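Notes for the structure review
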Amino acid sequence: MRLLLASLTAVFIAHAAPVVSPQRTTCTNKTQRKAWHSLTRNEKLDYINAEKCLMSTPAKLGLSGPRTVFDELQLFHVMQTPEIHFVGAFLPYHRFFMHAHEHLLRTLCNYTGAQPYWDEALDAGNFSASVILDPKTGFGGNGVGEGNCINDGPFKDYVNVIGPGQANTEHCIDRIVSDCMSEVGSKQIVDGCMQMQNFSTFWPCIEGGPHGAGHGGIGGQMLNVFSSPGDPIFYLHHTYLDKLWWDWQAQDLSAR
Ligand SMILES: [Cu+2]
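Owing to the predicted nature of the structure, the values given are computational and were not obtained by experimental measurement. (Residues numbered from 1 in each chain as written. Predicted model: local features only at pLDDT ≥ 70, side-chain atom pairs only at ≥ 80, totals over all residues. Heavy atoms only, no water.)

So, the overall build of the protein chain
For clarity, the cut-off: Runs of E in the DSSP output that reach at least two residues are strands. Runs of H or I that reach at least four are helices, and both are numbered from the N terminus. Using C-alpha atoms as the atom set, the radius of gyration is obtained and then compared with a globule rule of 2.2 Å times the number of residues to the power 0.38.
A tally of regular secondary structure across the protein chain gives seven helices and two strands. Reading the helices (α) and strands (β) of the protein chain from amino to carboxyl end gives α-α-α-α-β-β-α-α-α. Against the 2.2 N^0.38 benchmark of 18 Å for 256 residues, the protein chain shows a C-alpha radius of gyration of 17 Å, consistent with a compact globule. Dimensions of the protein chain along its principal axes, counting C-alpha atoms only, are 50 × 40 × 35 Å.

See below:
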């Protein structure tokens, strides 16, 4: 685990002034993460433009494969996949990963907002109608044709060079939206996870329920446990899971 965190921390150090301090400090400048549904049109466009900036910022770590900083983040996830899923580190690792992404948007791409999340319980069972898939103020719609490539929205022309899986090939961002698979993200299932009394039962509930619903409901690259950060929706999905974890922690902050 130490090695994993050390390598992800390398992203911070390589790209900007390190923000990880060994000392506990009081936060004076807080950011508020908000649900995508509640953002204004301009807030949505600011986020989308910042992500597009990350997708056009040249890679800096000298790794084989990534062309952009966006690709570098994706590759870190590919490399660390066996150690960060189906284990207790699942939620903490992805919390750090969301923070790294948010930090890079803010430091490399002049983004002044916070990392938004997708409140998936609002769309469970009906992902295909979600505002997240809007072609103008969202991430574009479902994949089409043989390769299930997205063919509208701000990310339709991105050439993904990491994935699928552990391969490195040039491909589109692909999706196979499944309303059926998104049903596991329902409020009822989320509420059930919130009732868990221990972290050891909470995290598998989240990973198997809402986590699976978001990946399976969008499909394509998002359904690939290794290379799913190739679809920018990944970051809104995992920030949502992080919020669920925070909501659970907040029920008993001193113990959790
Ligand atoms: Cu993951």
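Concerning the pattern of salt bridges
When charged atoms on two side chains of opposite charge get close, those side chains can pair. The criterion, for reference: Salt bridge, as used here, is a side-chain nitrogen of Lys or Arg placed within 4 Å of a carboxyl oxygen of Asp or Glu. Buried residues are those whose accessible area, probed at 1.4 Å on protein chains only, stays under 20% of the maximum for their type, while exposed residues exceed 50% and partly exposed ones sit between those limits.
Taken as a whole and judged by the stated rule, the model has nine salt bridges. We note a salt bridge from lysine 187 to aspartate 191, for which the minimum N-O separation is 2.7 Å. One end of the pair is lysine 187 and the other is aspartate 191, both in helix H5 (residues 187-194) and four residues apart, which spans about a single turn. Here lysine 243 and aspartate 247 are joined by a salt bridge, their closest N and O atoms 2.7 Å apart. With lysine 243 and aspartate 247 both in helix H7 (residues 233-250) and four residues apart, this pair spans about one turn of that helix. The class of aspartate 247 is partly exposed, set by a relative accessible area of 27%. Ionic contacts of the salt-bridge type, sharing partners, join the residues Arg33, Arg95, Glu102 and Asp242 into one network.

Comments concerning the UniProt feature "domain: Tyrosinase copper-binding" (unreviewed entry) in the protein chain
Test applied: UniProt positions are given in the numbering used here, feature names are shortened, and annotations may be inferred rather than shown by experiment.
Cross-referencing UniProt, the feature "domain: Tyrosinase copper-binding" (unreviewed entry) maps to residues 231-242 in the present numbering. End C-alpha to end C-alpha, residues 231-242 measures 18 Å, and it is 83% helix and 0% strand.

Details of the coordination of the copper ion
Heads up, the rule is: Atoms are scored as donors when they are N, O or S and lie within 2.8 Å of the metal, with 3.2 Å used for Na, K and Ca; no water is included, so coordination may look incomplete.
Coordination of the copper ion by the protein involves His77 (NE2), His85 (NE2) and His94 (NE2), with metal-donor separations of 1.9 to 2.1 Å. Between the donor residues of the copper ion, the gaps in sequence give the motif H-x7-H-x8-H. Taken together, the positions of histidine 77 in helix H3 (residues 69-84) and histidine 94 in helix H4 (residues 90-108) put the pair 17 residues apart, joining distant regions of the chain. No difference in accessibility class separates histidine 77 from histidine 94, as the two residues are buried.

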